[in-house]
Amino acid sequence: MINVIISGGPGCGKGTQSDLISERFQLAHLSTGHLLRIEIANFSEIGREAQGYIAAGNLVPDEMILRLLAKTVDELPVSHGVIFDGYPRNVAQAEALDKLMEERGKQIDIFLDLQVPDEVMVERMMKRAQTSNRSDDTPETCRHRVQVYHEQTAPVKDYYVKKGICQTVDATGTIESIFREIEKIFSKMM
Ligand code: AP5
Ligand code: MG
(Lines give C-alpha, C1' and ligand atoms only; values in the text may rest on other atoms or scores of the structure.)
(Ligands and ions follow the chains in the order given, each with its own letter.)
Protein backbone atom coordinates (compact mmCIF):
# COMPACT_ATOMS: atom_id res chain seq x y z
CA MET A 1 0.00 0.00 0.00
CA ILE A 2 1.39 3.41 -0.91
CA ASN A 3 0.20 6.90 -0.10
CA VAL A 4 0.89 9.68 -2.56
CA ILE A 5 0.55 13.46 -2.73
CA ILE A 6 0.08 15.10 -6.12
CA SER A 7 0.92 18.78 -6.07
CA GLY A 8 1.25 21.63 -8.55
CA GLY A 9 -0.44 24.85 -9.56
CA PRO A 10 -4.11 25.30 -10.46
CA GLY A 11 -5.01 23.63 -13.73
CA CYS A 12 -1.67 21.79 -13.97
CA GLY A 13 -3.44 18.44 -14.33
CA LYS A 14 -3.56 17.05 -10.77
CA GLY A 15 -7.12 15.78 -11.09
CA THR A 16 -6.57 14.30 -14.56
CA GLN A 17 -3.44 12.39 -13.52
CA SER A 18 -4.94 11.36 -10.17
CA ASP A 19 -7.82 9.63 -11.97
CA LEU A 20 -5.35 7.62 -14.08
CA ILE A 21 -3.07 6.85 -11.10
CA SER A 22 -5.93 5.79 -8.82
CA GLU A 23 -7.25 3.39 -11.44
CA ARG A 24 -3.85 1.92 -12.37
CA PHE A 25 -2.53 1.57 -8.80
CA GLN A 26 -5.81 1.01 -6.94
CA LEU A 27 -5.58 4.13 -4.78
CA ALA A 28 -8.46 6.14 -3.37
CA HIS A 29 -8.47 9.60 -5.01
CA LEU A 30 -8.96 12.25 -2.35
CA SER A 31 -9.29 15.77 -3.81
CA THR A 32 -9.98 18.44 -1.20
CA GLY A 33 -11.23 20.79 -3.96
CA HIS A 34 -13.72 18.13 -5.10
CA LEU A 35 -14.82 17.43 -1.51
CA LEU A 36 -15.41 21.15 -0.98
CA ARG A 37 -17.45 21.43 -4.20
CA ILE A 38 -19.67 18.55 -2.95
CA GLU A 39 -20.14 20.38 0.38
CA ILE A 40 -21.12 23.54 -1.53
CA ALA A 41 -23.59 21.63 -3.73
CA ASN A 42 -25.14 20.14 -0.57
CA PHE A 43 -25.43 23.56 1.12
CA SER A 44 -23.69 22.09 4.19
CA GLU A 45 -22.21 24.28 6.92
CA ILE A 46 -18.67 23.70 5.55
CA GLY A 47 -19.91 24.40 2.02
CA ARG A 48 -21.53 27.67 3.01
CA GLU A 49 -18.38 28.79 4.82
CA ALA A 50 -16.03 27.68 2.02
CA GLN A 51 -17.75 29.03 -1.08
CA GLY A 52 -16.61 32.65 -0.70
CA TYR A 53 -12.95 31.63 -0.34
CA ILE A 54 -13.14 29.34 -3.38
CA ALA A 55 -14.91 31.85 -5.64
CA ALA A 56 -12.23 34.41 -4.74
CA GLY A 57 -9.42 31.91 -5.44
CA ASN A 58 -8.16 31.97 -1.86
CA LEU A 59 -7.35 29.01 0.36
CA VAL A 60 -10.07 27.81 2.71
CA PRO A 61 -8.97 27.96 6.40
CA ASP A 62 -6.77 25.02 7.44
CA GLU A 63 -8.98 23.93 10.33
CA MET A 64 -12.01 23.49 8.04
CA ILE A 65 -10.01 21.47 5.52
CA LEU A 66 -8.45 19.26 8.17
CA ARG A 67 -11.89 18.34 9.56
CA LEU A 68 -13.06 17.36 6.08
CA LEU A 69 -9.85 15.44 5.36
CA ALA A 70 -9.81 13.45 8.62
CA LYS A 71 -13.46 12.47 8.17
CA THR A 72 -12.83 11.27 4.60
CA VAL A 73 -9.63 9.35 5.44
CA ASP A 74 -11.46 7.53 8.25
CA GLU A 75 -14.23 6.48 5.87
CA LEU A 76 -11.73 4.67 3.60
CA PRO A 77 -10.95 0.96 4.00
CA VAL A 78 -7.89 0.65 6.30
CA SER A 79 -5.86 -1.28 3.70
CA HIS A 80 -6.41 1.28 0.97
CA GLY A 81 -3.64 3.61 -0.24
CA VAL A 82 -4.59 7.19 -1.02
CA ILE A 83 -3.64 9.83 -3.57
CA PHE A 84 -4.04 13.26 -1.97
CA ASP A 85 -4.88 15.79 -4.71
CA GLY A 86 -4.67 19.47 -3.75
CA TYR A 87 -3.66 18.81 -0.15
CA PRO A 88 -1.40 19.99 1.53
CA ARG A 89 -1.59 23.61 0.29
CA ASN A 90 0.81 25.07 2.87
CA VAL A 91 3.42 23.85 5.35
CA ALA A 92 0.94 23.85 8.27
CA GLN A 93 -1.27 21.46 6.29
CA ALA A 94 1.75 19.24 5.52
CA GLU A 95 2.54 19.00 9.24
CA ALA A 96 -1.11 18.27 10.04
CA LEU A 97 -1.14 15.49 7.42
CA ASP A 98 1.98 13.91 8.92
CA LYS A 99 0.28 13.87 12.31
CA LEU A 100 -2.97 12.48 10.88
CA MET A 101 -1.11 9.69 9.05
CA GLU A 102 1.12 8.88 12.03
CA GLU A 103 -1.91 8.52 14.29
CA ARG A 104 -3.23 5.92 11.85
CA GLY A 105 0.11 4.09 11.50
CA LYS A 106 0.61 5.33 7.93
CA GLN A 107 3.01 7.56 6.00
CA ILE A 108 3.36 9.48 2.76
CA ASP A 109 5.61 7.64 0.30
CA ILE A 110 5.75 9.91 -2.76
CA PHE A 111 5.30 13.65 -3.28
CA LEU A 112 4.68 14.24 -7.00
CA ASP A 113 5.32 17.80 -8.08
CA LEU A 114 3.74 18.58 -11.47
CA GLN A 115 5.58 21.45 -13.11
CA VAL A 116 3.83 23.62 -15.69
CA PRO A 117 4.49 27.27 -16.63
CA ASP A 118 1.92 29.75 -15.32
CA GLU A 119 0.57 30.62 -18.76
CA VAL A 120 -0.12 26.94 -19.53
CA MET A 121 -2.06 26.56 -16.27
CA VAL A 122 -4.21 29.58 -17.10
CA GLU A 123 -4.70 28.33 -20.68
CA ARG A 124 -5.88 24.92 -19.43
CA MET A 125 -8.25 26.47 -16.90
CA MET A 126 -9.69 28.86 -19.50
CA LYS A 127 -10.31 25.96 -21.86
CA ARG A 128 -12.01 24.01 -19.07
CA ALA A 129 -14.12 27.09 -18.22
CA GLN A 130 -15.98 26.64 -21.52
CA THR A 131 -17.58 23.46 -20.16
CA SER A 132 -17.16 23.56 -16.37
CA ASN A 133 -19.35 25.56 -14.08
CA ARG A 134 -16.66 26.06 -11.46
CA SER A 135 -17.08 29.42 -9.76
CA ASP A 136 -13.28 29.85 -9.69
CA ASP A 137 -12.63 29.36 -13.44
CA THR A 138 -12.81 33.05 -14.38
CA PRO A 139 -9.73 34.79 -15.88
CA GLU A 140 -9.25 37.03 -12.85
CA THR A 141 -9.69 34.26 -10.26
CA CYS A 142 -7.45 31.88 -12.20
CA ARG A 143 -4.62 34.41 -12.18
CA HIS A 144 -5.12 34.95 -8.46
CA ARG A 145 -5.07 31.18 -7.84
CA VAL A 146 -1.70 31.00 -9.63
CA GLN A 147 -0.41 33.77 -7.35
CA VAL A 148 -1.72 32.01 -4.22
CA TYR A 149 -0.03 28.82 -5.44
CA HIS A 150 3.37 30.52 -5.72
CA GLU A 151 3.05 32.31 -2.40
CA GLN A 152 1.59 29.56 -0.23
CA THR A 153 1.70 26.15 -1.90
CA ALA A 154 4.94 26.00 -3.90
CA PRO A 155 7.05 26.27 -0.67
CA VAL A 156 5.52 22.95 0.51
CA LYS A 157 7.82 21.15 -1.93
CA ASP A 158 10.87 21.81 0.27
CA TYR A 159 9.17 20.04 3.16
CA TYR A 160 9.10 16.82 1.09
CA VAL A 161 12.49 17.38 -0.57
CA LYS A 162 13.95 17.29 2.96
CA LYS A 163 12.17 13.98 3.57
CA GLY A 164 13.70 12.63 0.34
CA ILE A 165 10.37 11.69 -1.27
CA CYS A 166 9.87 14.51 -3.80
CA GLN A 167 9.59 13.54 -7.48
CA THR A 168 9.37 16.34 -10.02
CA VAL A 169 7.41 15.72 -13.22
CA ASP A 170 7.43 17.89 -16.34
CA ALA A 171 3.67 18.22 -16.91
CA THR A 172 3.72 20.25 -20.11
CA GLY A 173 3.28 17.27 -22.47
CA THR A 174 0.23 15.23 -23.36
CA ILE A 175 -1.89 13.57 -20.67
CA GLU A 176 -0.60 10.15 -21.83
CA SER A 177 3.12 11.09 -21.88
CA ILE A 178 2.91 12.63 -18.40
CA PHE A 179 1.19 9.52 -17.08
CA ARG A 180 3.95 7.33 -18.57
CA GLU A 181 6.54 9.36 -16.60
CA ILE A 182 4.50 8.91 -13.43
CA GLU A 183 4.18 5.17 -14.05
CA LYS A 184 7.99 4.93 -14.25
CA ILE A 185 8.33 6.68 -10.88
CA PHE A 186 5.80 4.30 -9.32
CA SER A 187 7.44 1.19 -10.81
CA LYS A 188 10.73 2.12 -9.14
CA MET A 189 8.93 2.51 -5.80
CA MET A 190 6.93 -0.72 -5.85
P1 AP5 B 1 -8.76 22.48 -6.41
O2 AP5 B 1 -10.02 21.85 -6.83
O3 AP5 B 1 -7.69 21.65 -5.81
O4 AP5 B 1 -8.23 23.30 -7.66
P5 AP5 B 1 -6.77 23.68 -8.17
O6 AP5 B 1 -5.62 23.27 -7.37
O7 AP5 B 1 -6.88 25.12 -8.47
O8 AP5 B 1 -6.62 22.79 -9.43
P9 AP5 B 1 -7.68 22.42 -10.51
O10 AP5 B 1 -8.60 21.37 -9.97
O11 AP5 B 1 -8.28 23.62 -11.10
O12 AP5 B 1 -6.73 21.82 -11.62
P13 AP5 B 1 -6.00 20.41 -11.66
O14 AP5 B 1 -4.56 20.57 -11.33
O15 AP5 B 1 -6.78 19.37 -10.94
O16 AP5 B 1 -6.07 20.18 -13.22
P17 AP5 B 1 -7.11 19.31 -14.08
O18 AP5 B 1 -6.69 17.88 -14.08
O19 AP5 B 1 -8.49 19.62 -13.73
O20 AP5 B 1 -9.07 23.67 -5.38
C21 AP5 B 1 -10.07 24.62 -5.66
C22 AP5 B 1 -10.18 25.58 -4.49
O23 AP5 B 1 -10.61 24.85 -3.32
C24 AP5 B 1 -8.88 26.27 -4.04
O25 AP5 B 1 -8.60 27.44 -4.77
C26 AP5 B 1 -9.20 26.56 -2.58
O27 AP5 B 1 -10.05 27.66 -2.46
C28 AP5 B 1 -9.97 25.32 -2.15
N29 AP5 B 1 -9.09 24.27 -1.62
C30 AP5 B 1 -8.90 23.03 -2.16
N31 AP5 B 1 -8.05 22.32 -1.43
C32 AP5 B 1 -7.66 23.13 -0.40
C33 AP5 B 1 -6.77 22.97 0.69
N34 AP5 B 1 -6.07 21.84 0.88
N35 AP5 B 1 -6.61 24.04 1.54
C36 AP5 B 1 -7.31 25.19 1.38
N37 AP5 B 1 -8.16 25.41 0.36
C38 AP5 B 1 -8.33 24.38 -0.52
O39 AP5 B 1 -6.76 19.91 -15.53
C40 AP5 B 1 -7.15 21.20 -15.86
C41 AP5 B 1 -7.68 21.20 -17.31
O42 AP5 B 1 -6.62 20.92 -18.19
C43 AP5 B 1 -8.75 20.14 -17.58
O44 AP5 B 1 -9.69 20.64 -18.47
C45 AP5 B 1 -7.95 18.98 -18.20
O46 AP5 B 1 -8.72 18.21 -19.06
C47 AP5 B 1 -6.84 19.73 -18.93
N48 AP5 B 1 -5.57 19.01 -18.96
C49 AP5 B 1 -5.02 18.24 -17.98
N50 AP5 B 1 -3.83 17.75 -18.36
C51 AP5 B 1 -3.59 18.26 -19.60
C52 AP5 B 1 -2.52 18.13 -20.51
N53 AP5 B 1 -1.44 17.40 -20.22
N54 AP5 B 1 -2.60 18.77 -21.69
C55 AP5 B 1 -3.69 19.54 -22.00
N56 AP5 B 1 -4.75 19.67 -21.18
C57 AP5 B 1 -4.70 19.05 -19.98
MG1 MG C 1 -8.41 19.41 -9.63
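The structure under discussion appears in the preceding block.
Caption draft 1: How the structure looks around the overall build of the protein chain. Along the protein chain, the regular secondary structure elements total nine helices and five strands. Radius of gyration (C-alpha) of the protein chain: 16 Å, near the 16 Å computed for a compact globule of 190 residues. In terms of overall dimensions, the protein chain has a C-alpha envelope of 40 × 40 × 30 Å along the principal axes. For the protein chain, with 190 residues in total, the buried portion stands at 48%. For the protein chain, long-range pairs separated by at least 24 residues make up 75% of all intrachain contacts whose partners lie at least 6 apart in sequence. Of the charged side chains in the protein chain, 22 are positive and 28 negative, and the gap between their average positions amounts to 2 Å.

Caption draft 2: Region of interest: the site of ligand 1. Thr16, Thr32, Asn58, Arg128 and Arg145 are the nearest of the 30 residues found near ligand 1. The separation between an oxygen atom of ligand 1 and a polar main-chain atom of Gly13 is 3.1 Å. One of the backbone N or O atoms of Asn58 is found 2.6 Å from an oxygen atom in ligand 1. Across the complex, the protein chains shield 86% of the 1,000 Å² of accessible surface that ligand 1 would expose by itself. Among the detected pockets, ligand 1 sits in the largest pocket. Of all the elements in the fold, those that place two or more residues in the shell around ligand 1 are helix H1 (14-25), helix H2 (32-41), helix H6 (118-129) and helix H9 (175-189). Of the residues assigned to the shell around ligand 1, the class counts are ten nonpolar, twelve polar and eight charged.

Caption draft 3: Region of interest: the pattern of salt bridges. Considering all chains together, one arrives at twelve salt bridges under this definition. Among the ionic pairs, Arg67 bridges to Glu63, the shortest N-O distance being 3.0 Å. Note that Arg67 and Glu63 are positioned in helix H4 (residues 62-75) at a spacing of four residues, about one turn of the helix. Classification of Arg67 as partly exposed rests on a relative accessible area of 41%.

Caption draft 4: Structural context of the state of the cysteines. With the rule as written, the count across this model stands at zero disulfides. Unpaired in this structure, Cys12 has its nearest cysteine sulfur neighbour in Cys142, at a distance of 13 Å. The exposure class of Cys12 is buried, given its relative accessible area of 2%.

Caption draft 5: Highlighting helix H5 (residues 91-103). Compared with the 18 Å implied by 1.5 Å per residue over 13 residues, the 19 Å span of H5 between its first and last C-alpha is a close match. Those residues of H5 lying buried are Gln93, Ala94, Leu97, Asp98, Leu100 and Met101. The arc that holds the buried residues of H5, viewed along the axis, is 165 degrees, so those residues lie on one side. Along H5, exposed side chains directed more than 90 degrees from the buried face belong to Lys99, Glu102 and Glu103. In this fold, the buried residues of H5 make contact with strand S1 (4-8), H4, strand S3 (82-85) and helix H8 (156-163). Of the residues that open H5, the one with a side-chain oxygen 3.3 Å from the backbone nitrogen of Ala92 is Asn90.

Caption draft 6: Up close: the pairing of S1. Counted residue by residue, S1 has five buried out of five residues, so it is predominantly covered. Burial of the side chains of S1 extends over both faces: Val4, Ile6 and Gly8 are buried on one face and Ile5 and Ser7 on the other. The sheet contact formed by S1 and S3 spans three bridges and is parallel. Following the sheet pairing, Ile6 is matched in S3 by Asp85. As judged from the five bridges shared by S1 and strand S4 (residues 110-115), these two strands associate in the parallel manner. Paired with Val4 across the two strands is Ile110, which belongs to S4.

Definitions and cut-offs
Residues numbered from 1 in each chain as written. Chains lettered and ligands numbered in written order. Predicted model: local features only at pLDDT ≥ 70, side-chain atom pairs only at ≥ 80, totals over all residues. Heavy atoms only, no water. Helix = DSSP H or I, 4+ residues; strand = E, 2+ residues; numbered from the N terminus. Rg over C-alpha atoms; globule rule 2.2 N^0.38 Å. Buried < 20%, exposed > 50% of the residue type's maximum accessible area, 1.4 Å probe, protein only. Contact = heavy atoms within 4.5 Å. Lys, Arg positive; Asp, Glu negative; His and termini not counted. Charge placed at Lys NZ, Arg CZ, Asp CG, Glu CD. Near = heavy atom within 4 Å. Polar contact = N/O pair within 3.5 Å; in protein donor to acceptor, adjacent residues only side chain to side chain. Areas by Shrake-Rupley, 256 points an atom, 1.4 Å probe, with all protein chains shown as cover. 1 Å grid on protein atoms, 1.4 Å probe; cavity = no way out; pocket = protein on both sides within 12 Å on 5 of 7 lines; lining within 4 Å. Sits in = over half its atoms within 2 Å of the grid points. Nonpolar A, V, L, I, M, F, W, Y, C, P; charged D, E, K, R; others polar. Salt bridge = Lys/Arg side-chain N within 4 Å of Asp/Glu carboxyl O. Disulfide = S-S within 2.5 Å. Expected span 1.5 Å × (residues − 1). Arc of directions from axis to C-beta. Pairing = 2+ DSSP bridges.

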